[in-house]
Amino acid sequence: MKTKFWLTGTMMMALCGIGCSSPPSAKEVSDTTASRTSDMIRATSASTRVMGDMSAFKSLGSAADILQGTFAKVPVTGSPSTCTDPNGCSTTTVPSNPIPSDPTAADAEAALVEKFLRERIFIEANVESTEGDSTIFRINGDDLCTPMDSTAAVDADCVKSVDQLELRIRATSTGKDGLDLGFQISSKRTEPLVLSFGKDTVAVDVDLAQSKDAIQFLSPDAAQQLPRVMVGKVELRLTKNGEQDLTFSTGVLDAIQVELDKDGATQSFSTGKANPLSELRMDGVNKRISFDLNLGTTEYKGPYGGTSSLSSQQVVYSLSGLSFAFSAQEGQDDFVVAHVGIGDAQSYMSLNGTKVFTADLNAASGRHFDLNLSKGADGLPLVRVLPEFDLVTQFFLAPLKADATAEVPSFYEDQTYHVRLSGSPSIRPVQANTATGFPGGLQVVSGELSMQGKDATVTVPAGKCLVSTDTVPQGGHPLLGHFQTRDCQ
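Visitor: Account for the pairing of strand E6 (residues 201-207), with residues named and values stated.
Guide: As paired elements, strand E5 (residues 190-197) and E6 share five bridges and run antiparallel to each other. Looking at the pairing, valine 194 lines up with aspartate 205 of E6. Hairpin geometry of E5 and E6 is characterised by an intervening segment of three residues between the two adjacent antiparallel strands.

This is the structure:
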């Protein structure tokens, strides 16, 4: 008997050690949320302030401008560019940092947020109850809508709207340094969003099914417009790796599936689990930036739409995936864009089960490729491709001509295009030369570039340039006829 009592007591202590933590106090919640939120605001400001002056991408922007101007009049979309400005109608200059980075403004914003959380939200007066290891805060309209400046008027409509939410925040300690805040809506306590604080990270998780329930409560009239199926979970996360070193990441934690019934037809969207989906790291100390993307299979299915005879036919857009990884450091003359791909299978568009467009990238060489970019003597990048770039696209768009608004070019009615860079290839942009009449183009430095279509081939050997022309020679291919091979001078 004593042995059984001892075993029972030991098991109870072990279980409580795992899951029987005490609910956090209002002060503990306010201290954690206020201090870590303000710290992240300051850290983000400091990191973006340092990264804002990086010049590592400037040569890429210049190269893109050259190529855009050179090939702008090739009617890839069916119509040539209407740009008449000799200096170009658009620019790909790297934009300035969109995040305010003034340290004084950042400190003021952080202090205001901290004051708001400590004095308005996570206060003892707002504690409604404790449930197990959680503390429940009931948030009213006055808490959220009253300006911090006591002389300013309260927005009565804001107060009414917030009160209708029946907003509660569930605060639960998670380990030594963690805290989860679950935002609950209505008397059903639907919890569409959870804000998680770790020692050096803040994450927002959104549950689509719970979000659907919340929307139905907030606007019953909108219930009929909501998707019949709405499931999946996504995450946004900010992680502090060190001083002036942050990572912004997104993730699809659970596969997303959305289905909407409308006008007697079903539209659906789906994308696979991907965690992380994307990661942007800004290391201000080493002036280094990196970005990774890894999108899973993503599909849309629904009626073609419009008023043509195709309107009720089902169209499917299927992207097998999208990925690349990129990093650059200030002062670096070369860097790599790695694992570039559009998934591990064929991407396509189909109409009533028949494919009208397909795309296969490097189908015989791993479905991915790497780009190595190094700075040339002219300041523009030399691009090396490993192992190759091999893109095959098939266009069978003739059925879409039943839709008068589609404007299907003849060279997309029934065509297969094969673009390949092979033989340890490398390429570089070459600027126009008004003295010689060279219009600017793309030089094949090593390897070979070939572009093939029905009864047409353009080949650019090493040392030559690919350029474009406004007019197609008599009898030339309506699309590939706009490309020519010539000397780079």
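Visitor: Describe in detail the nonpolar core, supporting the description with residues and values.
Guide: Core analysis: the largest hydrophobic core is formed by 37 residues, its most contacted members being Leu400 and Tyr412. Looking at this core, the element that brings in the most residues is strand E22 (residues 441-453), giving four residues. Sequence-distant contacts of leucine 400, that is, excluding residues within four places in its chain, are made with Tyr304, Leu310, Met349, Leu351, Ala406 and Val408. Membership of the second largest hydrophobic core comes to 22 residues, among which are Ala26, Leu167, Leu195 and Val202.

Visitor: Residue-level account of the packing of aromatic side chains, with values.
Guide: If you walk through the whole model with that rule in mind, you get ten aromatic pairs. Between phenylalanine 122 and phenylalanine 137, the ring centres sit 5.1 Å apart and the planes meet at 85°, which makes this aromatic pair edge-to-face. Residue phenylalanine 122 is located in the loop between helix H4 (103-121) and strand E1 (127-131), and its partner phenylalanine 137 is located in strand E2 (residues 134-138); the two are separated by 15 residues in the primary sequence. Classification of phenylalanine 137 as buried rests on a relative accessible area of 0%. Seen in terms of ring centroids, phenylalanine 369 and phenylalanine 389 are 5.5 Å apart; in terms of plane orientation they differ by 85°. Their pairing is edge-to-face. Placement of the pair is phenylalanine 369 in strand E18 (residues 368-375) and phenylalanine 389 in strand E20 (residues 389-395), with a sequence separation of 20 residues. Relative accessible area serves as the criterion here: at 7%, phenylalanine 369 is assigned to the buried category. Chaining the aromatic ring pairs together yields one cluster made of Phe357, Phe395, Phe411, Tyr412 and Tyr417. Its guanidinium or amino end placed over the ring of tyrosine 348, lysine 355 lies 4.6 Å from that ring's centre, counting from NZ or CZ.

Visitor: Outline the pattern of salt bridges, listing residues and values.
Guide: Taken as a whole, this structure holds 19 salt bridges when the rule is applied. For aspartate 39, the salt bridge identified is with lysine 240, shortest N-O distance 3.5 Å. One end of the pair, aspartate 39, is in helix H2 (residues 26-51); the other, lysine 240, is in strand E7 (residues 229-242), and 201 residues separate them in sequence. Under the relative-accessibility criterion, lysine 240 is labelled buried at 15%. Between aspartate 261 and arginine 228 there is a salt bridge, with the nearest N and O atoms lying 2.6 Å from each other. Within this pair, whereas aspartate 261 is found in strand E8 (residues 245-262), its partner arginine 228 is found in the loop between helix H7 (208-218) and E7, the two being separated by 33 residues in sequence. Take aspartate 261: its relative accessible area is 41%, and that puts it in the partly exposed class. Here the residues in one salt-bridge network are Lys27, Asp31, Glu114 and Arg118, joined through shared partners.

What counts, and at which threshold
Just so you know, the residues in each chain are numbered from 1, in the order the chain's sequence is written. Only residues with pLDDT of 70 or above have their local features reported here, since the model is predicted, and side-chain atom pairs are shown and tallied only from 80 upward, although totals for entire chains, interfaces and linings are computed over all residues. Side-chain numbers here rest on the full set of heavy atoms in the structure, without hydrogens or water. Two strands pair if DSSP finds at least two bridges between them. The helix count covers DSSP runs of H or I at least four residues long, the strand count covers runs of E at least two residues long, and both are numbered beginning at the N terminus. Definition of nonpolar core: a set of buried residues of the types Ala, Val, Leu, Ile, Met, Phe, Trp, Tyr and Cys, connected through side-chain atoms within 4.5 Å. For each residue, the accessible area found with a 1.4 Å probe, counting protein chains only, is set against the maximum for its type, and the residue is called buried under 20%, exposed over 50%, and partly exposed in between. Two residues form a contact once any of their heavy atoms are found within 4.5 Å. The rule is short: rings of Phe, Tyr and Trp, with Trp giving its six-membered ring, pair when the centres are within 6.5 Å, and they are stacked under 30 degrees, edge-to-face over 60, tilted in between. Counting as a charge over the ring demands two things of the Lys NZ or Arg CZ atom: a distance within 6 Å of the ring centre and an angle within 35 degrees of the ring normal. A pair is scored as a salt bridge if a Lys or Arg side-chain nitrogen falls within 4 Å of a carboxyl oxygen belonging to Asp or Glu.

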